[in-house]
Amino acid sequence: ISESHFFLPVEPDAGNTIVEGPGIEPGNVAGKETYFKIIARDKNGNPLAFGGDPFKVQITGPWGEVPSQLKDNNDGTYLCTYTPMSPGHYIVRLV
């Protein structure tokens, strides 16, 4: 239909979404803030060009849950920052 506008919702696909950055790599220093980026992708692996996805991050360290901040960049990417407070193994979950 000429000049019709359709909105087709595109949702992120967890299997194709990418997480990258120093905050998920070894070598972070206790007491020093680190970060990682979430790059939302659809079911075909295409990056999403808008934000608003309901991502939540859960980080667990040697002494339990670690507070984090998640910022929606409104371009399909999200920046998560956190500070590991002690040496040890940390688990980052995207939920």
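All values derive from a computational prediction rather than experimental measurement. (Residues numbered from 1 in each chain as written. Predicted model: local features only at pLDDT ≥ 70, side-chain atom pairs only at ≥ 80, totals over all residues. Heavy atoms only, no water.)

A. Inspection of unusual backbone geometry at higher detail. In the Ramachandran plot, Asn-74 falls in the positive-phi region, its phi being about 60° despite a non-glycine side chain. Mapped onto the elements of the fold, Asn-74 is located in the loop between β5 (68–72) and β6 (77–82). (Helix = DSSP H or I, 4+ residues; strand = E, 2+ residues; numbered from the N terminus.)

B. Broad picture of the side chain of Thr-81. With respect to the helices and strands, the residue Thr-81 is situated in strand β6. Sequence-distant contacts of Thr-81, that is, excluding residues within four places in its chain, are made with Glu-33, Thr-34, Tyr-35, Ser-68 and Gln-69. (Contact = heavy atoms within 4.5 Å.)

C. Just the sheet that holds strand β4 (residues 64–66), in detail. Pairing within the open sheet is antiparallel, and its three strands lie in the order β4-β3-β7. Each edge of the open sheet carries a strand with a single partner, namely β4 and β7 (91–94). Averaged over all adjacent pairs, the angle separating strand axes in this sheet is 35°, with direction ignored. With three bridges joining them, strand β3 (residues 57–61) and β4 adopt antiparallel strand pairing. The partner of Ile-59 across the bridge, within β4, is Val-66. (Pairing = 2+ DSSP bridges. Axes fitted to C-alpha atoms, helices over the stretch in contact; angles between N-to-C directions.)

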